[in-house]
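Coordinate analysis (summary)
As a plain string of letters, each chain reads:
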Amino acid sequence: MIHDEDVSALLRAATDDIDVAIAPADRLAEAGDRRLRRRRVVAVAGGAAVVALVIAGISLTTGLRPDPAAPTSTPRTTAVQPVGCVMNVPSQVLPLWARSGFSEPRPRIAYVSGQRGYIIAILFGQPLNAPPAADHNNKILWVPSPEVEGDTAAATGSPDLLITARLANGSATVTRTVSGGPGPSIIDLPEPGCWHLTLQWSGHTDDLALWYAAR
Amino acid sequence: MKPDDLEYEGFVVARYRTLVRAAVLFGCSRQDAEDAAQDTLIRCYTAWGRVAASDDPDAYVYRILVNGISRGRRRSWRGETPYEQVPESRAVGDLANEISVEQTVRAALARLGREQRQVLVLRYFVDLTESQIADVLGIARGTVKSRASRAIAALSEDGSLNELLPTTHQSGNQDSLPHEEDR
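Here we summarise the structure given alongside this text. (Residues numbered from 1 in each chain as written. Chains lettered and ligands numbered in written order. Predicted model: local features only at pLDDT ≥ 70, side-chain atom pairs only at ≥ 80, totals over all residues.)

**Concerning the sheet that holds strand S10 (residues 204-214) of chain A**
Put simply, the test is: One bridge is not enough; two strands pair if DSSP finds at least two bridges between them. Secondary structure elements are taken from DSSP: a helix is a run of H or I of four residues or more, a strand is a run of E of two residues or more, and numbering for both begins at the N terminus. Every axis corresponds to a line fitted to the C-alpha atoms, with the helix fit spanning only the stretch in contact, and the corresponding angles, defined between N-to-C directions, vary from 0 to 180 degrees. Throughout, a pair of residues is in contact if the C-beta atoms placed from their backbones lie within 7 Å.
Here we have five strands laid out as an open sheet, ordered S4-S10-S9-S6-S7 (chain A), and mixed in their pairing. Taken across any chain shown, the strands that pair with only one partner, and hence form the sheet edges, are strand S4 (128-130) and strand S7 (173-178) of chain A. Taking the axes of each pair of neighbouring strands and ignoring which way they run, one obtains an average angle of 35° across the sheet. As judged from the three bridges shared by S4 of chain A and S10 of chain A, these two strands associate in the parallel manner. Within S10 of chain A, the residue paired with Ala-130 of chain A across the bridge is Ala-214 of chain A. In this fold helix H1 (residues 5-25) of chain B packs onto strand S9 (193-201) and S10 of chain A, with an angle of close to 80° to the strand it touches most, S10 of chain A.

**So, the sheet that holds strand S8 (residues 184-186) of chain A**
Residue and element names in this part refer to chain A. The antiparallel open sheet is built from five strands, whose spatial order is S1-S2-S3-S5-S8. Bordering the open sheet on either side are strand S1 (91-93) and S8, each of which pairs with just one other strand. Mean inter-strand twist for the sheet, computed between neighbouring axes without regard to direction, equals 50°.

**Digging into the environment of Leu-19 of chain B**
Residue and element names in this part refer to chain B. As for its position among the elements, Leu-19 is in helix H1. It is 8.5 Å that separates the C-alpha atoms of Leu-19 and Val-126, two residues lying 107 residues apart in sequence. Ignoring any residue separated from it by four or fewer positions in sequence, one finds Leu-19 in contact with Ala-37, Thr-40 and Leu-65.

**Concerning the pairing of strand S6 (residues 161-167) of chain A**
Along a regular strand, successive side chains alternate from one face of the sheet to the other. Residue and element names in this part refer to chain A. What counts is decided by this rule: Comment: burial labels come from other C-beta atoms within 10 Å of the residue's own C-beta, placed from the backbone, where a count of 20 or more is buried, 12 or fewer is exposed, and between is partly exposed.
Here S6 shows a clear split, with Leu-161, Ile-163, Ala-165 and Leu-167 buried on one side and none of Leu-162, Thr-164 and Arg-166 buried on the other. With six bridges connecting them, S6 and S7 associate as antiparallel partners. Looking at the pairing, Leu-161 lines up with Val-178 of S7. Linking S6 back to S7 in an antiparallel pair, the connection comprises five residues, with Gly-170 at a positive phi of about 80°.

**Details of the environment of Pro-132 of chain A**
All names here are of chain A. With respect to the secondary-structure elements, Pro-132 resides in the loop between S4 and strand S5 (139-144). Judged by the 17 C-beta atoms lying within 10 Å of it, Pro-132 is partly exposed. The spacing of Pro-132 and Tyr-212 is 80 residues in sequence and 9.2 Å in space, taken between C-alpha atoms. Ignoring any residue separated from it by four or fewer positions in sequence, one finds Pro-132 in contact with Asn-137, Asn-138 and Asp-188.

None of the figures reported here should be taken as evidence of function without further support.
This is the structure we're talking about:
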């Protein structure tokens, strides 16, 4: 008999070794922009046709003029939630280059990749909390990709890992420093929410988003 | 409404890998899975107002993915998105075993009906709740439950997965964290 947890383990085992390239976010955004522009062109052309028809219609009628004092529709305002973060980061098999120090050959743990793929943040206690939870701390292990680790040409600037964290709604920005560069750290942030982190070390830069839950 | 660059990139990076893998489990080839995931994320970009205002962005994203795959829209994909970096190299290990696990599981999924397969993947791979799946597929929560139950029963009867169970039980051990002094 197969149980729920078996199904979950089987589905993950079947996909663990599917190599997925780094998400081409910038190119997807460009493609999205192109689609939006096409839509606008179509909308403008359609709107022009409608206006032409309306003008033609008005010219055939009498006394039908819009009242300038009439109220116009008010744009609907909606609270925008931060969506750049994942509240419960799923556990996944670590990239080959990040497995050093783990006893399992294919360790599975929650981690978040930098958008350029230069670094990952391995989350040891979920959720990350602001303020920190009583039963676990906000421990993050930063592991740089060997692609940049061995890049001596770019190895300038501070060897420390400098973190500039910006709350998604722009209401707060704080900085944190991990002495000696990427490695184990406790990163506490002042407020719950979706934080965008800019990471700088040894001349390299990457960005990622982390969700800090309210305690 | 266009997303803020960083917000969109964070959104994409957080979901891309799971979207591609989910699409593979839905039955797409790897290339089609990447196309479907990318098309989904582009649609999210163009409908960012709805994504951002949604109570449940993940349910919204997977609704787009499932609908896109179901309608075969991925086949109309024309824009190729090149990568700056090639995918990570394959792990050196028991390649035969890895292929066997993937193929056996995918073959077992292929023998399920499309609807059962969708529920199974969304519930046990993507980790959506029954309510979220009901929202994604536009069905009642009870239907989600019954489809999942029937799908698991079918996999149990299938028998082809039985010999994989001890192997997969060994994975997912989170007690194997590195010691700080090892770093």
